[in-house]
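Examining the three-dimensional arrangement
Read off the chains here:
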Amino acid sequence: METKTILLVEDNADDEALTFRALMKNNISNQLVVARDGAEALDYLFATGKYSGRDVSLGPQVVLLDLNLPKVSGLEVLRQLRANERTKLLPVVILTSSNEDQDRLQGYDSGANSYVRKPVDFNQFVESVRQLGLYWLILNEQPPARR
Amino acid sequence: MMSGPTPHYHLQEARPDPEPESSAIENARRATLNILEDFAAEKCELESGQRATLNILEDFDAEKKRMAGAERAVLNILEDFASEKSQLEEFQHSFLNILEDFSQEKNRLEGTQRAVLNILEDFEGEKANVELVNERLENEIRDRKHIEVEMQRTNMELSAANKELEAFSYSVSHDLRTPLRSIDGFSQALLEDCADKLDATAMDYLHRVRSAAQRMATLIDDMLNLSRVTRCELRRESLDLSAIAKSIASELQEAEPERRVEFAIEDGLTAVADPQLIRVAMENLIRNSWKYTSGHPTARIEFGRSDANVKDCFFVGDDGAGFDPRYAARLFGAFQRLHTAKEFPGTGVGLATVHRIIHRHGGEIWAIGAVEKGATFYFTLR
Ligand SMILES: Nc1ncnc2c1ncn2[C@@H]1O[C@H](COP(=O)(O)OP(=O)(O)OP(=O)(O)O)[C@@H](O)[C@H]1O
Ligand SMILES: [Mg+2]
């Protein structure tokens, strides 16, 4: 089975390691690509900058997007994704630090497919990632990529 | 007009006198005749004079008749004038009456004028007072304006401070939780990956690290929720409090179905209040009752309306552990608890949150309780 990448946009190295660990614990073996700020994420998604020439048909399958990011914020990344014909249907899961973020975002249509609060309890996080993986990587059929 | 020709005597032609003696007589006769003749002429003249006079008189009569007509006209005029005069007199009369009235009026006016003058005089004195008061008022207005400006400035500062607080809360929430995730996550990783290298004590320490991290996360969340209650905008809607209480009750019963707790929820209780905040408040109160009755094999939790101490207040009551009424004042302070964590777990922000929510609605909250006699929390909403 062809596996597509998961793009994790996360500036905190600990969170990156813990997310990787949670994915592994759920046997999600898709290649994990990490962008450490919003600008790098956009380069990856649109095959520009240091990612110019990347084969965009290889995904990502889903974007795990932190909100508080250096350079370009998570919401701006999302906005640009949704404005682009090729990426406007790409599943995006927002990882939030607080309930408050989640409330704030759910108040208006940010265009995210779901929200996951990064809990302090690691076991809860593993459980959230499990549900996410099930939904976005297995249950949810990706619409065919367009060029 | 009566001047006729002067009468003169014409002597008639002497006739031959027959005798001398007889001539004297003759003379006398002649003279007499002459006189008579003269007299006749005279008479003629007189007659013509008389005629003239009669003519004149005749003329005079016509004149008189004319005069009489004129006189009648004058009389008419005079008559007319007389009626006019009586009218005038009447008019004059009434005019006099008016003048009389007017003079009374004038007296009154003069009285009034005098009174007004007195008032004006008084007013002079008063005016000085008023000016003084005015000056004071103006100063006060100036002060007030100053205060108003000051208040606007303070308000602006306050809302700026509020925004700052919000930003602070947000970063507290974000920044404090991030290292906690690391502490908990890597402790867990150690427990899993290095279990074979760790003895029981090391494992126990790691468990303590994890639970402390999680407890701190709860504290942060509670703190943020508490500050959120004050920060968020108040929205007023008509709410079915009974329905809210019932849904909270069934959530609790679903979570712990083994507990034998009877809920007595009065029907049809409504209020106009913020739906989210009221839900938070009622959940805290009912959860407390649920928690502080957990030491008893059976319990009864009640939600209703009461007119007992204060008209039209709501209450949540239970027959649980209760509290020592001497410390009742501390119930609503943040992080204040009347029970130890061993007896009952908790942070102590629940009632502080409820307190803030009720106060934001312009209401009051107070509690009645005794150790092992249960507790009842009363609140009003405005
Ligand atoms: N129904 C009750 N019966 C007896 N004591 C109560 C009751 N409700 C509150 N209390 C007392 O008031 C204290 C403060 O209550 P509060 O809800 O603020 O905190 P908590 O329940 O201890 O913790 P949490 O922040 O999780 O709600 C409690 O610690 C308890 O001692
Ligand atoms: Mg409580």
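For the structure, see preceding data.
Everything numeric in this text was worked out from a predicted model, so none of it was measured.

Conventions we followed
- Residues numbered from 1 in each chain as written.
- Chains lettered and ligands numbered in written order.
- Predicted model: local features only at pLDDT ≥ 70, side-chain atom pairs only at ≥ 80, totals over all residues.
- Heavy atoms only, no water.
- Core = buried A, V, L, I, M, F, W, Y, C linked by side-chain atoms within 4.5 Å.
- Buried < 20%, exposed > 50% of the residue type's maximum accessible area, 1.4 Å probe, protein only.
- Helix = DSSP H or I, 4+ residues; strand = E, 2+ residues; numbered from the N terminus.
- Contact = heavy atoms within 4.5 Å.
- Salt bridge = Lys/Arg side-chain N within 4 Å of Asp/Glu carboxyl O.
- Patch = residues over 30% accessible without salt bridge, like charges linked within 9 Å, V, L, I, M, F, W, Y side chains within 5 Å.
- Areas by Shrake-Rupley, 256 points an atom, 1.4 Å probe, with all protein chains shown as cover.
- Lys, Arg positive; Asp, Glu negative; His and termini not counted.
- Charge placed at Lys NZ, Arg CZ, Asp CG, Glu CD.
- Pairing = 2+ DSSP bridges.

Now for the nonpolar core. Judged by nonpolar contacts, the single largest core of 39 residues is most densely connected at L241(B), F263(B), I278(B), M282(B), F303(B), F377(B) and L381(B). With 7 residues, helix α4 (residues 275–292) of chain B is the single largest residue contributor to this core. With residues near it in sequence (within four places) discarded, F377(B) still touches L285(B), F314(B), F315(B), V316(B), F323(B), L331(B), F332(B), L351(B), W366(B) and A367(B). Judged by nonpolar contacts, the second largest core, of 22 residues, contains V9(A), L42(A), Y51(A) and V77(A).

Our focus in this paragraph is the pattern of salt bridges. Taken as a whole and assessed by the stated rule, the structure comprises 31 salt bridges over all chains. Between D221(B) and R117(A) there is a salt bridge whose closest N-O contact spans 3.0 Å. Residue D221(B) is found in helix α2 (residues 200–231), and its partner R117(A) is found in strand β5 (residues 114–117); the two belong to separate chains. Each member of the pair D221(B) and R117(A) is classed as buried.

For the rest of this paragraph, the subject is a negative patch on the surface. Residue and element names in this part refer to chain B. A surface patch of like charges, here negative, comprises E121, D122, E124, E126, E131, E135 and E138. Tracing the chain through its elements places E131 in helix α1 (residues 20–193). Classification of E131 by relative accessible area gives partly exposed; the value is 45%.

Residue and element names in this part refer to chain A. Taking every second residue as pointing to the same face, both faces of strand β2 (residues 32–35) are buried, with L32 and V34 on one and V33 and A35 on the other. Bridge analysis of strand β1 (residues 6–9) against β2 gives 4 bridges, and the strand direction is parallel. In the sheet register, L7 faces β2, and the bridge partner there is V33.

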